[in-house]
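# What the coordinates show
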Protein chains: 4
Amino acid sequence: MQKFNNVGLVARVGSPLVLDSLVTVEDFLQSQSVNVFVEQPAATMLDNRGQQVCTLEEMGECCDLVIAVGGDGNILGAARALAPHGVPLLGINRGRLGFLADVSPDEIALRVGEVLAGNYKIEEHFLLEAELSVGGHLVTACALNEIMLHSASMAKMIDFDLFINDVFVYNQSSDGLIVSSPTGSTAYALSAGGPIMHPSLDAIVLVPMFPHTLNSRPLVVPGGSELRLVVSAIYGTETKVSFDSHVEYPVKAGESVVIRKKREKLKLIHPPGHSFYGVCRSKLDWASRVGD
Amino acid sequence: MQKFNNVGLVARVGSPLVLDSLVTVEDFLQSQSVNVFVEQPAATMLDNRGQQVCTLEEMGECCDLVIAVGGDGNILGAARALAPHGVPLLGINRGRLGFLADVSPDEIALRVGEVLAGNYKIEEHFLLEAELSVGGHLVTACALNEIMLHSASMAKMIDFDLFINDVFVYNQSSDGLIVSSPTGSTAYALSAGGPIMHPSLDAIVLVPMFPHTLNSRPLVVPGGSELRLVVSAIYGTETKVSFDSHVEYPVKAGESVVIRKKREKLKLIHPPGHSFYGVCRSKLDWASRVGD
Amino acid sequence: MQKFNNVGLVARVGSPLVLDSLVTVEDFLQSQSVNVFVEQPAATMLDNRGQQVCTLEEMGECCDLVIAVGGDGNILGAARALAPHGVPLLGINRGRLGFLADVSPDEIALRVGEVLAGNYKIEEHFLLEAELSVGGHLVTACALNEIMLHSASMAKMIDFDLFINDVFVYNQSSDGLIVSSPTGSTAYALSAGGPIMHPSLDAIVLVPMFPHTLNSRPLVVPGGSELRLVVSAIYGTETKVSFDSHVEYPVKAGESVVIRKKREKLKLIHPPGHSFYGVCRSKLDWASRVGD
Amino acid sequence: MQKFNNVGLVARVGSPLVLDSLVTVEDFLQSQSVNVFVEQPAATMLDNRGQQVCTLEEMGECCDLVIAVGGDGNILGAARALAPHGVPLLGINRGRLGFLADVSPDEIALRVGEVLAGNYKIEEHFLLEAELSVGGHLVTACALNEIMLHSASMAKMIDFDLFINDVFVYNQSSDGLIVSSPTGSTAYALSAGGPIMHPSLDAIVLVPMFPHTLNSRPLVVPGGSELRLVVSAIYGTETKVSFDSHVEYPVKAGESVVIRKKREKLKLIHPPGHSFYGVCRSKLDWASRVGD
């Protein structure tokens, strides 16, 4: 296993619990023989006590490991920035176990120590990217969880045609469509009735949002599929495409959004003993073994 | 493309519509330079007018193509028998388009002619197989659509533990669990709330049947997974495992059923122009293109 | 049955099909011994050829029947305006059968004739009303289908507590909550997974929108229940309450929305032979009788 | 409130926990000035130490209160037997709170004491009854939770026509149909995707089981509806009708099952402070108030 010498540190601003874990991580890292780089928001939380400060993008160049403190939401942003650079990411969760951030606050020294000692496994998560035309310019953006085509307002229907690899699939009237990676299948897509998908699957799931017809169902397609959504004008509703519910762009009637798997993957680091099914059991309150 | 010289013919007994299509296929085949073999039930329908009669298993040895007349149900049995031999299968549907049998009765000469001329594509569908102990003997059986662990009676709960690759996943109280291939995802698993899965996916979907807890969801796992279901005794309900809702065996409390992908695949033949999404649109009444 | 002497006419502007039916209705009414009143938008469509023009609210005073041309959406606005006055409403659908507008365009003379001759039935539909504080003023608004508490943006969670008759029911994180009348149960609530409810039921159904937890389910409560939704601030999302997806108001963190059945009901007129289950069968493509 | 002088005692046989609670209840009752009657199975558990033993049916005549120990399942049988006699029922749950049996084992003396002192409320639950012809004889049976028409085997489709008040509603191919009272809406119907219904609603919910078409949805109809299910023969599957998953009868092709609300209701006793929504929150793990 690769050893890590230059470690970046990012955090979600605002919560005292996050700050507490951030301090613990930084103290631990400083006690080890590694160089530590901190993103500005985290550095501010740490009172700028002399750390090397850099941007997420710079971490992609100068770090060989990035640690994110603060939950799955925090990981999404780091994932989008780091994936092109292939820098692995480790998540410290502020509270209960997350699907992406799976080091709990009370085990920071133990788990980060294991990882620095080379005792970890890497799980690759693919991202989705979309191409669309915004104001006459071609825009590309990516998401770790899901790309959504949706109405700008709740409870206003949009209408679009779906093509997969240039084959027409269906026309749909709904509030929108969630196009989710396996990683995103336990996030928003799950609330919308999608299946839970093992993160290693090479597959994309399409989950309709409040579809107008009763025969719409989640559809799982091969990871190599190219999806094209062509927005129609019949309801006159403002349509948007959004990425991890974070960045969003408008889409005009007649325009297309092309969605496919991104070439570079997020390398997510898990301490030893990690199991996707174990995290499901914990996060989704699945029943534990009868014999236990 | 492979040309076919020895063609087997099987049919679902009983319907005049099936007989009509069966006669059409046989007449067409006799007009071509191929040897025709007919399974006994179909031969009886055809009044035994001199065809070479053989069993499905013998067709696996002597035929290089088998044509099944009569709908998806009919294909399931042929698929289970032919998969080990690698003989490709073509389905003639008695009525509307099927997911597996996709030649319509009014195009028999055209489509079978195209196939015999080498103008076709082959789609591989994996089967699932299960190992279980029945009366002290190890039994192996397979299914194209789904293997189900279920209560012997409707509305009686069973209880079991699920392990995937020897990792404990969950304990479940329900009427049963559907373990479906992508091929089966548009059959019984769909009625139970499972997602639609493209047939080329290397994935297995687990769909709970009337689960006792509200947090159970369909789960899609890699095709290479080994599933182990361990039946518990807490409800005292008689438990069974069934294959394509056709063959079934009892499972006792404490016993395990191990389910995995079968090594040999069904080779399904489609005439040119076949599209899985097109069949979905037709069978599931998905809306057609706005522009049309 | 009551005979009708003063008939109001309202229509959805814009579609040539609606105009065509509007002209047919007006011509038919003018041929009968009734006074006809037309709302301004419809009058404009009819080229203001001398009709008595008045507002929807004035129709509540001067008409004893109002006819709406143009589909269920059109009926919703008329229903909200007319319910306080108890004036019955008849809907002419521009195309296929609707749940509320159930006279088809090719039967206008026949069906409107039957109604004017006293051959009809009246179905009462209750409306929902909500009280909330907007800018320090108490606002009351009503809906025939549904009142929704929801995030101002798609895919942003809100959080609220639900009380029924002052008893705490649950805290929910979701994109919103649909509070639907039986009438609305075949509209947006159905897309969100709610049950179909017979319009005569004295019941309200609550359907969560993309709930964060997996154990949220539609909940049907007595029609006399008083619901109180108290918005919390934990996600910092802008929250709105909307009425039939038409009118909407902002709700601030800490504020409450109180929802109850409105005292006055919509009187909806159906020609003889109307059946709710028949409309379901037609609109939802339920299978017709085997024997047919 | 009525005071109770003659108290019946019934229990589910077999569990040491049930026996423990049964002894506690009987000891408490013997310490009060009431006559105690015990059903034979419970008497056997209590070692026949001199109690007056009688059948459930006799309790309907001689008791003015019956106490059932052992969970919701136990209550169902008592409810079916006692409803015609109007004798109220109190449930002692062997473990966690139930929807019907809501006295917990550690509060037996407190809660039963309150009830004997006249401090309780009575909640009426209607039962469903069905009429069918069995071997040429008309049979009537009833259920507190649900009456189901279903295939005799899992995963075998049946087919039937539904009429409500003699109006044709739909034809359905499925594994069966659950016809549930509001009381049953939190039991099997909930596992099958039905809504949660407040027990005081005068409504019946119909929940399809694994329906063949994707446009089937739960349907809530007025409590006064008469449902008629006419079984067809197209799949040749053996069809049954069952009552609370307990008693079942075969139904032949062409035969009808007529289901309606039973005239007599179960009178269920709750100690003070009982709330349906509170039980939901506990049993279904709904989130508790943010402020708590």
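Just so you know, these numbers come straight off a predicted model, no measurement behind them. (Residues numbered from 1 in each chain as written. Chains lettered and ligands numbered in written order. Predicted model: local features only at pLDDT ≥ 70, side-chain atom pairs only at ≥ 80, totals over all residues. Heavy atoms only, no water.)

### Here's the deal with the sheet that holds strand β16 (residues 239–243) of chain D
With mixed pairing, seven strands are arranged side by side in an open sheet as β12(C)-β14(D)-β13(D)-β11(D)-β8(D)-β16(D)-β17(D). Both edges of this open sheet fall to β12 (196–197) of chain C together with β17 (247–251) of chain D, since each of them pairs with a single strand only. Of the pairings in the sheet, the one linking β12 of chain C to strand β14 (residues 219–222) of chain D comprises two bridges and is parallel in character. The residue of β14 of chain D that forms the bridge with Met 197 of chain C is Val 220 of chain D. (Pairing = 2+ DSSP bridges. Helix = DSSP H or I, 4+ residues; strand = E, 2+ residues; numbered from the N terminus.)

### Describing the interface of chain A and chain B
It is common to report an interface's size as the accessible area lost on association of the parts. Contacts between the two partners involve 35 residues from chain A and, on the opposite side, 35 residues from chain B. Buried surface at the junction of chain A and chain B, both sides included, amounts to about 3200 Å², of which 65% is carbon and sulfur. Linking chain A with chain B are zero salt bridges, by the criterion used here. Where chain A touches chain B, the interface holds 16 residue pairs in polar contact (both at pLDDT 80 or more). Mapped onto the side of chain A that touches chain B, the elements with two or more residues apiece are β9 (158–164), β10 (167–174), β12 (196–197), β14 (219–222) and α7 (276–283) of chain A. The element best represented in the side of chain A that touches chain B is β10 of chain A, accounting for five residues. Broken down by class, the residue content of the side of chain A that touches chain B amounts to 22 nonpolar, six polar and seven charged. (Contact = heavy atoms within 4.5 Å. Buried area = accessible area lost by both parts, 1.4 Å probe. Salt bridge = Lys/Arg side-chain N within 4 Å of Asp/Glu carboxyl O. Polar contact = N/O pair within 3.5 Å; in protein donor to acceptor, adjacent residues only side chain to side chain. Nonpolar A, V, L, I, M, F, W, Y, C, P; charged D, E, K, R; others polar.)

### Describing the confidence of the model for chain A
Looking at chain A as a whole, its pLDDT mean stands at 91, while 97% of the residues score no less than 70. The ipTM assigned to the predicted complex is 0.94, against a pTM of 0.95. (pLDDT = per-residue confidence, 0-100.)

### Section: the packing of aromatic side chains
Tallying each qualifying case throughout the model produces 30 aromatic pairs over all chains. Ring geometry for Trp 286 of chain A against Tyr 170 of chain B: centres 5.0 Å apart, planes inclined by 80 degrees, an arrangement best described as edge-to-face. Linking Trp 286 of chain A in the segment after α7 with Tyr 170 of chain B in strand β10 (residues 167–174), this pair reaches from one chain into another. In terms of burial, Trp 286 of chain A and Tyr 170 of chain B fall into one category: buried. Through successive ring pairs, a cluster of aromatic residues spans Tyr 188 and Phe 210 of chain A together with Tyr 188 and Phe 210 of chain C. Positioned over the ring face of Phe 163 of chain D is Arg 228 of chain D, at 4.5 Å from the centre of the ring. (Phe/Tyr/Trp six-rings, centres within 6.5 Å; stacked < 30°, edge-to-face > 60°. Buried < 20%, exposed > 50% of the residue type's maximum accessible area, 1.4 Å probe, protein only. Lys NZ or Arg CZ within 6 Å of the ring centre and 35° of its normal.)

### Some details on the relation of the copies chain A and chain B
In screw terms, the move from chain A to chain B is a rotation of 180 degrees and a rise of 0.0 Å along the axis, fitting with an RMSD of 0.1 Å. In symmetry terms, the pair is related by a two-fold rotation axis. Across chain A, the smallest distance between a C-alpha and the rotation axis is recorded for Pro 195 of chain A, namely 3.3 Å. A share of 100% of interface residues in chain A that are also interface residues in chain B marks the association as one of identical surfaces. (Least-squares fit on C-alpha atoms with pLDDT ≥ 70 in both.)

### Looking at the side chain of Thr 239 of chain D
All names here are of chain D. Relative to the assigned elements, Thr 239 resides in strand β16. Of note is the side chain of Thr 239, whose polar atom sits 3.3 Å from the backbone oxygen of Thr 237. Aside from chain neighbours lying at most four places away, what touches Thr 239 is Leu 149, His 150, Ile 158, Val 231, Tyr 249, Pro 250 and Val 251.

### What about the pattern of salt bridges?
All names here are of chain A. Considering all chains together, one arrives at 48 salt bridges over all chains under this definition. The residue Asp 202 makes a salt bridge to Lys 261 at a minimum N-O spacing of 2.7 Å. Of the two residues, Asp 202 is situated in the loop between β12 and β13 (203–209) and Lys 261 in strand β18 (residues 256–270); the sequence distance between them amounts to 59 residues. Looking at Lys 261, the relative accessible area reads 25%, which means it is partly exposed. Salt bridges linked by common partners bring Glu 129, Glu 131, Glu 226, Arg 260, Lys 262, Arg 263 and Glu 264 together as one network.

### Topic: the domain arrangement of chain A
Residues and elements named next belong to chain A. Taken domain by domain, chain A comprises domain 1 (6–120 + 271–283) and domain 2 (127–263). In this assembly, 10 residues from domain 1 lie in contact with 15 residues from domain 2. Counting each side, the surface lost to burial between domain 1 and domain 2 is near 960 Å², with a carbon and sulfur contribution of 78%. Area buried by domain 1 at its contact with domain 2 is led by Leu 76, Arg 80 and Phe 276, which between them contribute 59% of it. At the junction of domain 1 and domain 2, the tally comes to one salt bridge. (Domains from an automatic or database assignment.)

### Focus on the side chain of Ser 174 of chain B
Residues and elements named next belong to chain B. With respect to the helices and strands, the residue Ser 174 is situated in strand β10. Judged by relative accessible area, Ser 174 falls into the buried class, the value being 0%. For Ser 174, the side chain forms a polar contact with the main-chain oxygen of Gly 176, separated by 3.0 Å. Dropping the residues within four chain positions of it, Ser 174 is found in contact with Lys 156, Met 157, Ile 158, Phe 160, Met 209, Phe 210, Pro 211 and His 212.

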